[in-house]
Amino acid sequence: GSRWLYAVNNTPESVMLFDLDLVVDDDRAEVHFDAVGGYLATPRGLEADEGSRTQASIGPAQLVLNGDLLYVSNFNANSISVYDLRLGAYGERVDDVEMLGENPHALALSPDGTLLAVAEYTGEVEDISVSSSLAIIDVDPDSPTYLQVLARMVNQ
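To keep things clear, this report deals only with the structure shown in the data block. These numbers come from a predicted model, not from an experiment. (Residues numbered from 1 in each chain as written. Predicted model: local features only at pLDDT ≥ 70, side-chain atom pairs only at ≥ 80, totals over all residues. Heavy atoms only, no water.)

## Details of the packing of aromatic side chains
Two numbers describe a pair of aromatic rings. These are the distance of the centres and the angle of the planes.
Next, step 1: Under the criterion given, the structure shown has one aromatic pair.
Next, step 2: Taken together, a centroid distance of 5.5 Å and an interplanar angle of 85° make the contact between Trp 4 and Tyr 90 edge-to-face. On the criterion of sequence distance, the pair formed by Trp 4 in strand β1 (residues 4-10) and Tyr 90 in the loop between β6 (79-84) and β7 (92-98) is long-range, its members being 86 residues apart. (Phe/Tyr/Trp six-rings, centres within 6.5 Å; stacked < 30°, edge-to-face > 60°. Helix = DSSP H or I, 4+ residues; strand = E, 2+ residues; numbered from the N terminus.)

## With respect to a nonpolar patch on the surface
Next, step 1: There is a patch of nonpolar side chains on the surface, built from Leu 5, Leu 20, Leu 22 and Val 23 and spanning about 300 Å² of accessible area.
Next, step 2: As for its placement among the helices and strands, Leu 20 is situated in the loop between β2 (13-19) and β3 (36-41). (Patch = residues over 30% accessible without salt bridge, like charges linked within 9 Å, V, L, I, M, F, W, Y side chains within 5 Å. Areas by Shrake-Rupley, 256 points an atom, 1.4 Å probe, with all protein chains shown as cover. Salt bridge = Lys/Arg side-chain N within 4 Å of Asp/Glu carboxyl O.)

## With respect to the sheet that holds β7
Next, step 1: With antiparallel pairing, the four strands of this open sheet are ordered in space as β4-β5-β6-β7. In this open sheet, the two strands that pair with only one neighbour each are β4 (60-66) and β7. Taken over all neighbouring pairs, the strand axes of this sheet differ in orientation by 20° on average, direction set aside.
Next, step 2: Of the pairings in the sheet, the one linking β6 to β7 comprises six bridges and is antiparallel in character. (Pairing = 2+ DSSP bridges. Axes fitted to C-alpha atoms, helices over the stretch in contact; angles between N-to-C directions.)

See below:
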């Protein structure tokens, strides 16, 4: 419903905003350097990684838009960032869900928009054993458990 296309970017680690008013919709593939309208900074993975060291070097992995809130999985930072798109020129990071488990990656929003499922690529790390996991986060701003992990399923 807006002119902006949001896309995750690894270098620099950010969510890039592309102005679709500057892109011609035709059958030709073109590079549009002038279409980048702005960006939202994401946490730097290697400095922010409070968990186990992994060999992967991935910044933001996926994003989900829920009304005026944008949720971004931060693979190396082991967190989900929450951006309010009504603030600032393009939006502002207003919160983070931290220490989810190793390498949160895929995101899915429940049909009613109140729960966010987060698939963790590595998940729980214990000694040399890893178990991928799925975390369910409350994303209902009116809920007393807003941005808390309500459930965790671990593949063991």
